[in-house]
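Each chain, letter by letter, is given below.
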Amino acid sequence: MSDLLDSSCGQSVVRLVSRGNAIIAELLRLSEVVPNVFRLDTKSDQTKYSEVICDFSYFKTCDAYDNRIESNPQLLDRDEEFRENYIEILTRFYLAFESVHRFTVDINRYVDDLEEGVYIQQTLESVLLDNDGKQLLSEALYLCGAMLLVVDHRIDGLVRERILVSYYRYSAQRSTSDSNIDDVCNLLRSTGYSPSGRRPVNYPEDYFRRAQIRPNLVSLVIGRMRSDDIYNQSSAYPQPEHRSVALATQAVMLFIALYFSSDILSNESAAMREIVDKFFADNWVISVYMGIVVNLVEEWEPYKAAKQALANTIDAKNIKNHSYRHHSKIVKLLPQLQQLLKEGNLTEEIVLDNVSKLMNLIRDCNVTLRWLTLHTCQHNISEANIVSKKCKQLKDLVVIESKYDPLLVFQLLLNTAEFELKIKDMYKQLLNDKQEKWNFYKKECFERISELAEVFSGNKPLTRVEKNANLEQWLTEMSKQIDALTFDETTVTNRKTIQLIQALEEVQEFHQLESNLQVRQFLNDSQKLLHCMIKTLNIKEDVLITLQIVGDLSYAWKIIDTSFTRYMQSGIKRDPTLVIKLRATFLKLASALDMPLLRINQASSPDLVSVSQYYSSELVSYVRKVLHIIPETMFSLMARIIELQTNHIKELPTRLMKDQLKAYSQLEERHEVAKLTHSISVFTEGILAMKTTLVGIIQIDPKRLLEDGIRRELVIQTANALHRGLVFNSKSKTSELVTKLKALAQVMDGFRRSFEYIQDYVCIYGLKMWQQEVSRIVNYNVEQECNAFMRHKVLDWQSIYQSKSIPIPKFLPMDPYSVNFIGRLARELLRMTDPKTTIYVHEMSTWFDNKTHVEVVDSKLFPLMMKSIGTAGINGLDRLISFMILTEIQSILQYLDRNFTKDKVWPQILLDINENLDAIDGKITATHFTRIFGPALTRASKPLPVVFDALARIGQMQIIRCNIGHELNTSCKFQSRHLANALQTLNQAIISDLEHHCNTSNKSFLKEDTPLLFELTNYLEWTGISDPLSKIYITSRAPPYLELISFLLTITQIGKFVYIKAIHGLGAKKGSDHSDGLPFVMGMITFLRQFHENTTHQFISHCSQYVCAQTEIQTALSSPKVTEMSSEAYNTLEFLDNFIRFSGLQRKLVVQNIPDFLFNQFHSILTPTK
């Protein structure tokens, strides 16, 4: 580390550059989660939010804009809802945008501090003379330009403006004195750039000019980059033809820096010729940052000097020469690599002897790979654009002249990556064992020379070797010198070792020892060991560093996906063991992480983990994408297994007659299933053969990768089946629901059975996986469907059910009302059971058409739903219907508030009724009824039918919920009897404890913050141990005189019904009334349950007294038969009977006003008048 980096001056710029890399990572991360609502792409978004989302035109008329929203209650409510839902993500975007502005400010502040002498003995010029200083200042300027380009390329200008305006309107920060939101808005306002559109005039230099970077910094940095090799890369690329690759990183930085001084691009021809000759003599496509690729032909088209300077590079002859050179290289390199990669051809000895040649081979491979990959990659080419046509022509020329074969280039990538990994692993091992091996060679050599000395002493016999005291003494001295060699003093030791080798060669000549084979062998072995000592001592980390530099694949961070993924996948499909080779490629691609993380690590920044996590997860996502072909192929094979198991292979009965054995054997079909199963297991072995690999900071476990891949494909297939299977024609008179559910049940059963069958062959818990993923799909879709009913919405990136590695697909809505399949299913069910067109018979759990009396929906529908969408699906449907009920209750309360509470007349009418009832102690007689309720009944006929319809819809949904609960509970008792019993017991125990606590004020065993009740409720709902009619959907104060309004509603609507003995319930009196009695009763129970029980008790009391009053009125007007009762009174009795029965209230609430025997036996002793 240089002196500069040890000083506060150096540390400041290191921290600045570190922050720049972290900002770009955050911008890239955010660009993937831009809320679609800010794009205003869909008609629904435009209709709903266009009046509350605005671009920078807002600042011209901000007061008028805000006043328009505030003066409209609906707009204000929508605006507030939008703020609640999006303020979190808006804040995150704004902080990222603000950090871009702060980065530009901090660069300028650093330059100003240098010029003002804040850093003692340091100036801008002196920092640029330091090796680390010029690197860091160049990187700071480069990162400033890169982040501006990333913002503009990845987040559309209009979207940026809408985000900033929304944040400005919703955040309180704009009112603080230290807020710089105006500067942020000025820096990041829309440039007019669009990836698919025409390039704006003076772009991007006008955009860069907004940053106001100090001109002297720009000038000095550009000058330093033009003249110096600031990263000293030439040592890694000694060959002259590799110069442009050696300076590639610097070239990209210079390309960005030139936009801060566009005058050079336009007018300084000599400077541009120098830059092009040095950096772009043989290339015109470069990678700007983490795989963002630009074509200089297109980028420099508006600049005269740059365009002229580049003309030599893109000359057809020059392109042909380079294309032919790289084609020759690839033809030559591939056989060499394949030969070296053969088993046994790459040993430690070969690596040590030929390290220089092997490094040259790796350099050639990487240079060729880089040039061909960049200059043949796909661009956004517009046929109408002349410059784009030129780019396309150049690319086509390269493809033709280099005889470009993507498979050959892919093969080169695979082999190069594998070769590099082998060399790297081998060299790392050599470095680890360096001292140990050197000591071993030294010991062996010492022992051999010592042994030979003993031979010449005459003490140790050796065939035909005479005693020689001189040789003995010389060899003994030689062995002492070998023993004296030390590992730490590399240079001295190597020099002495070479002298020892020369001495051993000379001793053979002087003493004519060649004639004795054994002695000569001893001496040759000793020489070899000394040579090995030199080679081992020369093993240095420099080779690994060079290998890291040369093997950089960051330029292909994005290109690799578009260029090679399909070849990777087709290769895996043919031979699953290719995954082992691909591991090396993925590790090579991980080298791209070094560039952004180097400075972050150097600055000891806390951003290291988040930035590492982001880039590592991006790479892991790509690995998943490539390897997803394995589960995809598995599922295509499983589809055939499903088809065979579902439609062809018969299930074996428990008892099988001998003569039926042949019919049930189905050998051909079973053989095909076995063959398909074997193919699936081979694919599994392919991915499991890949070792556990650390990619960045994320460890890839092949078993987990396989499981996630299978889950992902399962989610795609299942979500598609649910999406396609549950589409209904709302205009059709006859519903397709049962047919669609049966077809879906067959598909889902096929999936489940095949998973159950295949799980042992691929080492997974198939059924567990199936249940988890189906549950997740349903929960996610229910959550998204319920967003329509919630003020605070759960956005896609906030959902606990959505996953980046195993994403649940989102489909476009198939109708104007539903977001996904669960909404379509719920609305189709509601359409079929509409109380205006059907009659529900509780005893049969069946809906009949109210005109034709044909069965529309029977009790078999819910078991069929259980088969098709499972427990998770039917529970999700129940939750969705709960939200619909909540919405209906809220709409009733709003309607009552608007038409009764805030009405000019109704409050007085209801107050008069209440005072009159108080005056008579609530005892209503026939005389009182007409006088007290007459005016109200006349006025209530108009507003109350709306509430009646809403209550009927609530009742209809409650009936469906009751049937769903029954199905869930029945299924649970059959399939998990012990679970059902345990939950039932626990539930009763807790209720008993709570009742005891309420009655005696003794301390409950439940703590206030216990999650038990929440968890238990979830279990109870999943197992159907709950009563929908007892649920509290909303906590709100009851509207004034709610019991009177409910009573008026009941007696105004009860006349529309008639008691039908066949169904033992109320039906519509006239065909035009379109109403069913039981849904109305259920709806009224649910509605009144939301408020204090006194409201319900008073309502029942009023209804009971109404029966008495009606009977008294009828008796006074005529002399009916003893067994007859007015239809209104009879219907009210029927209403009360159902109300008490389904609500679970005590019957004494009714018999306080009506004789007990009458209420209990009115069906058998009374008949309604015609």
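Residue numbers here run from 1 along each chain, matching the order of that chain's written sequence. In keeping with the predicted nature of the model, local features appear solely for residues at pLDDT of at least 70, side-chain atom pairs appear and are counted solely at 80 or more, and the whole-chain, interface and lining totals rest on all residues. Remark: hydrogens and water are excluded; side-chain values derive from all non-hydrogen atoms of the structure.

Enquirer: Looking at this model, I keep getting lost on the overall build of the protein. Mind explaining?
Expert: Here a helix means four or more residues in a row that DSSP labels H or I, a strand means two or more in a row labelled E, and each is numbered from the N terminus. Along its length, the protein carries 50 helices and eleven strands. For a compact globule the rule gives 2.2 Å times the number of residues to the power 0.38, and the radius of gyration it is set against comes from C-alpha atoms. For the protein, whose C-alpha radius of gyration is 42 Å, the value lies well above the compact-globule estimate of 32 Å for 1170 residues. Along the longest, intermediate and shortest principal axes, the C-alpha atoms of the protein span 150 × 90 × 65 Å. Classification of residues uses two cut-offs on accessible area relative to the type maximum, computed with a 1.4 Å probe and protein chains only: under 20% is buried, over 50% is exposed, and between them is partly exposed. By the burial criterion, 51% of the 1170 residues in the protein qualify as buried. Considering only contacts within the protein whose residues lie at least 6 apart along the sequence, 77% involve residues at least 24 apart. By element, 52% of the accessible surface of the protein is carried by carbon and sulfur atoms, the whole surface being about 55700 Å². For the charge count, each Lys or Arg is scored as positive and each Asp or Glu as negative, with His and the chain ends excluded. Note that the charge is assigned to NZ on lysines, CZ on arginines, CG on aspartates and CD on glutamates. With 132 positive and 138 negative side-chain charges, the protein shows a spacing of 5 Å between the two charge centroids. Pairs of residues are marked as contacts when any of their non-hydrogen atoms sit within 4.5 Å. Only the protein chains shown count as cover for residues, and all accessible areas are computed by the Shrake-Rupley method using a 1.4 Å probe.

Enquirer: Please clarify how the pairing of strand β6 (residues 846-849) should be interpreted in this entry.
Expert: Remember that side chains alternate between the two faces of the sheet whenever the strand is regular. A pair of strands counts as paired when DSSP detects no fewer than two bridges linking them. In terms of strand pairing, strand β5 (residues 838-841) meets β6 through four bridges, oriented antiparallel. Within β6, the position partnered with tyrosine 840 by the bridge is tryptophan 847. Pairing of β6 with strand β7 (residues 855-857) involves two bridges; the strand directions are antiparallel. Along β7, the bridge assignment pairs phenylalanine 848 with glutamate 855.

Enquirer: Can you help me understand the pattern of salt bridges in this one?
Expert: For this document, the term salt bridge refers to a Lys or Arg side-chain nitrogen within 4 Å of an Asp or Glu carboxyl oxygen. In the structure shown here, the tally under the stated rule is 48 salt bridges. One salt bridge in this structure joins lysine 535 and aspartate 353, with 2.3 Å as the shortest N-O distance. Linking lysine 535 in helix α26 (residues 517-537) with aspartate 353 in helix α19 (residues 348-353), this pair joins segments that are 182 residues apart in sequence. Given a relative accessible area of 30%, lysine 535 falls into the partly exposed group. In this structure, aspartate 561 and lysine 625 form a salt bridge, with 2.9 Å as the shortest nitrogen-oxygen distance. Taken as a pair, aspartate 561 in helix α28 (residues 559-574) and lysine 625 in helix α31 (residues 607-627) lie far apart in primary sequence, 64 residues in all. The exposure class of aspartate 561 is partly exposed, given its relative accessible area of 26%. Residue classification places lysine 625 among the partly exposed residues on the basis of a relative accessible area of 38%.

Enquirer: Just to check I follow, could you spell out the nonpolar core for this structure?
Expert: Most often, soluble globular proteins have nonpolar side chains that are buried together. Phe97, Met272, Trp284, Trp300, Phe419, Tyr615 and Phe1087 are the most contacted members of the largest nonpolar core, which has 338 residues in total. With 20 residues, helix α39 (residues 861-901) is the single largest residue contributor to this core. Other than its neighbours up to four places away in sequence, phenylalanine 419 contacts Leu337, Leu340, Leu341, Leu346, Leu358, Leu361 and Ile362. Residues belong to one nonpolar core when they are buried, are Ala, Val, Leu, Ile, Met, Phe, Trp, Tyr or Cys, and are joined through side-chain atoms within 4.5 Å.

Enquirer: Where do I start with helix α11 (residues 215-227) in this structure?
Expert: Three or four residues apart is the spacing at which side chains of an α-helix point the same way, because the helix has 3.6 residues per turn. Counted at 1.5 Å a residue, the expected span for α11 with its 13 residues is 18 Å, and the 18 Å between its end C-alpha atoms agrees. Listed in full, the buried residues belonging to α11 are Leu217, Val218, Val221, Ile222 and Met225. One face of α11 carries all of its buried residues, which in axial projection span an arc of 120°. The elements touched by buried residues of α11 are α5 (73-115), α6 (124-129), α7 (131-154), α13 (248-258), α14 (262-267) and α15 (269-279). Working rule for helices: expected span equals 1.5 Å times residues minus one. This arc corresponds to the set of directions leading from the helix axis out to the C-beta atoms.

Enquirer: Looking at this structure, how should I read the sheet that holds β7?
Expert: Strand pairing in a sheet relies on backbone hydrogen bonds, with the paired strands running either antiparallel or parallel. With antiparallel pairing, three strands are arranged side by side in an open sheet as β5-β6-β7. Each edge of the open sheet is held by one strand with a lone partner, namely β5 and β7. On average, adjacent strands in this sheet sit at an angle of 40° to one another, irrespective of strand direction. Between the N-to-C directions of two axes lies an angle of 0 to 180 degrees, each axis being a line fitted to C-alpha atoms and, for a helix, fitted only over the stretch in contact.

Enquirer: Looking at this model, I keep getting lost on the packing of helix α22 (residues 406-432) against α28. Mind explaining?
Expert: Each pair of packed helices can be described by the angle between their axes along with the distance between the axes. Here α22 crosses α28 at 90°, and the two axes come no closer than 10 Å. Overall, the two elements α22 and α28 adopt an arrangement that is roughly perpendicular. Along the contact surface, α22 presents Pro406, Leu407, Val409, Phe410 and Leu413, while α28 presents Ile560, Phe564, Tyr567 and Met568. Side-chain classes are defined by residue name, with Ala, Val, Leu, Ile, Met, Phe, Trp, Tyr, Cys and Pro counting as nonpolar, Asp, Glu, Lys and Arg as charged, and the others, Gly among them, as polar. When its residues are assigned to classes, the contact of α22 with α28 shows nine nonpolar, no polar and no charged. Any angle from 65 to 115 degrees is called roughly perpendicular, while one under 35 is roughly parallel, one over 145 is roughly antiparallel, and all others are oblique.

Enquirer: How do you make sense of the packing of aromatic side chains when you look at a structure like this?
Expert: By convention here, two paired aromatic rings are described through the distance between centres and the angle between planes. Only Phe, Tyr and Trp rings take part, Trp by its six-membered ring, and two of them pair if their centres are within 6.5 Å. Stacked means planes under 30 degrees apart, edge-to-face means over 60, and tilted covers everything else. Enumeration according to the criterion identifies 43 aromatic pairs in this entry. Note on tyrosine 840 and tryptophan 847: the rings are 4.6 Å apart at their centroids and 45° apart in plane angle, and the pair reads as tilted. The class for tyrosine 840 is buried, based on a relative accessible area of 6%. Overall, the relative accessible area of 2% leaves tryptophan 847 in the buried class. Aromatic pair phenylalanine 900 and tryptophan 906: ring centres 4.7 Å apart, planes at 45°, arrangement tilted. The same class applies to phenylalanine 900 as to tryptophan 906, namely buried. Among the aromatic residues, those joined into a cluster by ring pairs are Tyr193, Tyr203, Tyr207, Phe208, Phe255, Tyr259, Phe260, Phe279, Phe280, Trp300 and Tyr303. Arginine 68 extends its terminal NZ or CZ atom over the ring of tyrosine 65, reaching a point 5.1 Å from the ring centre. A cation over an aromatic ring shows up here: lysine 1056 above the ring of phenylalanine 948, its NZ or CZ 5.7 Å from the ring centre. For a ring to carry a charge above it, either NZ of a lysine or CZ of an arginine must fall within 6 Å of the ring centroid while also lying within 35 degrees of the normal to the ring plane.

Enquirer: Is there a simple way to think about the packing of helix α32 (residues 629-648) against helix α34 (residues 667-688) in this case?
Expert: Two numbers describe how α32 lies on α34: the axes approach to 10 Å, and their chain directions differ by 160°. Classified by the interaxial angle, the pair formed by α32 and α34 is roughly antiparallel. The handedness of the crossing between α32 and α34 comes out as left-handed. Of the residues in α34, those in contact with Ile630, Thr633, Met634, Leu637, Met638, Arg640, Ile641, Leu644 and His648 of α32 are Glu669, Glu672, Val673, Leu676, Thr677, Ser679, Ile680, Phe683, Thr684 and Ile687. Here is the rule for handedness: rotate from the far helix to the near one, and if that takes an anticlockwise turn smaller than a right angle the crossing is left-handed, while a clockwise turn gives right-handed.

Enquirer: What is the right way to look at the state of the cysteines in this model?
Expert: The bond known as a disulfide is covalent and runs between the sulfur atoms of two cysteines. Any pair of cysteine sulfurs within 2.5 Å is marked as a disulfide. Scanning all chains against the criterion turns up zero disulfides. The thiol sulfur of cysteine 972 is not disulfide-bonded, and the nearest other cysteine sulfur, from cysteine 962, lies at 18 Å. Since its relative accessible area comes to 8%, cysteine 972 is described here as buried. Free of any disulfide, cysteine 1108 has its nearest cysteine sulfur in cysteine 1103, 12 Å distant.

Enquirer: How should I be thinking about the pairing of strand β8 (residues 1057-1060) in this particular structure?
Expert: Side chains Phe1057 and Tyr1059 of β8 all project onto a buried face; the interleaved residues Val1058 and Ile1060 project onto a face where none is buried. Strand direction decides the pairing type here: β8 and strand β9 (residues 1065-1068), joined by four bridges, are antiparallel. Residue pairing across strands places isoleucine 1060 opposite glycine 1065, the latter belonging to β9.

Enquirer: What's the story with the side chain of lysine 434 in this structure? I'm lost.
Expert: Considering the arrangement of structural elements, one finds lysine 434 in helix α23 (residues 434-457). Not counting chain neighbours up to four residues away, the residues in contact with lysine 434 comprise Phe487, Thr536, Leu537 and Ile539.

Enquirer: Would you mind showing me how to read helix α18 (residues 316-340) here?
Expert: With 25 residues, α18 should cover 36 Å at 1.5 Å per step; its first-to-last C-alpha distance of 36 Å lies within 8% of that length. Residues Asn318, Ile319, His322, Ser323, His326, His327, Lys329, Ile330, Leu333, Leu334, Leu337 and Leu340 constitute the buried set of α18.

Enquirer: I would appreciate a short explanation of the environment of proline 215 in the present structure.
Expert: With respect to the helices, strands and loops of the structure, proline 215 is situated in helix α11. A sequence separation of 107 residues divides proline 215 from asparagine 108, and the C-alpha atoms of the two residues are 9.9 Å apart.

Enquirer: Would you mind going over unusual backbone geometry with me for this structure?
Expert: In most cases, non-glycine residues show a negative phi, while peptide bonds are predominantly trans. In this structure, proline 204 follows tyrosine 203 across a cis peptide bond, with omega equal to 10°. As for its position among the elements, proline 204 is in the loop between α9 (181-188) and α10 (205-209). Unlike most non-glycine residues, serine 845 shows phi in positive territory, near 50°.

Enquirer: What's the story with the side chain of threonine 718 in this structure? I'm lost.
Expert: Examined against the element boundaries, threonine 718 turns out to sit in helix α35 (residues 702-725). Residue classification places threonine 718 among the buried positions, given a relative accessible area of 0%. Setting aside anything within four residues of it in sequence, one finds threonine 718 in contact with Met748, Trp770, Val774 and Ile777.

Enquirer: I keep staring at a nonpolar patch on the surface and nothing clicks. Help me out?
Expert: Exposure above 30% relative accessible area and no salt bridge define the residues that can form patches, which grow by joining like charges within 9 Å and nonpolar side chains of Val, Leu, Ile, Met, Phe, Trp and Tyr within 5 Å. Where nonpolar side chains cluster on the molecular surface, the patch consists of Leu652, Leu656 and Leu661 and spans about 280 Å² of accessible area. On the secondary structure map, leucine 652 appears in the loop between α32 and α33 (661-665).

Enquirer: Could you clarify how one ought to interpret the environment of glutamate 401 in this entry?
Expert: Tracing the chain through its elements places glutamate 401 in helix α21 (residues 386-401). As for glutamate 401 and lysine 320, which are separated by 81 residues in sequence, their C-alpha atoms are 5.8 Å apart. The contacts of glutamate 401, once residues within four sequence positions are left out, are Lys320, Ser323 and Tyr324.

Enquirer: When you look at the environment of tyrosine 427 in this model, what are you seeing that I'm missing?
Expert: Note on placement: tyrosine 427 falls in helix α22. Using a relative accessible area of 3% as the deciding quantity, one classes tyrosine 427 as buried. Sequence spacing of tyrosine 427 and glutamine 759 is 332 residues, and the spatial spacing of their C-alpha atoms is 42 Å. Filtering out sequence-adjacent residues up to four positions away, tyrosine 427 remains in contact with Val351, Val355, Asn538, Ile539, Lys540, Val543 and Leu544.

Interpretation note: all reported values are geometric properties and have no functional meaning in isolation.
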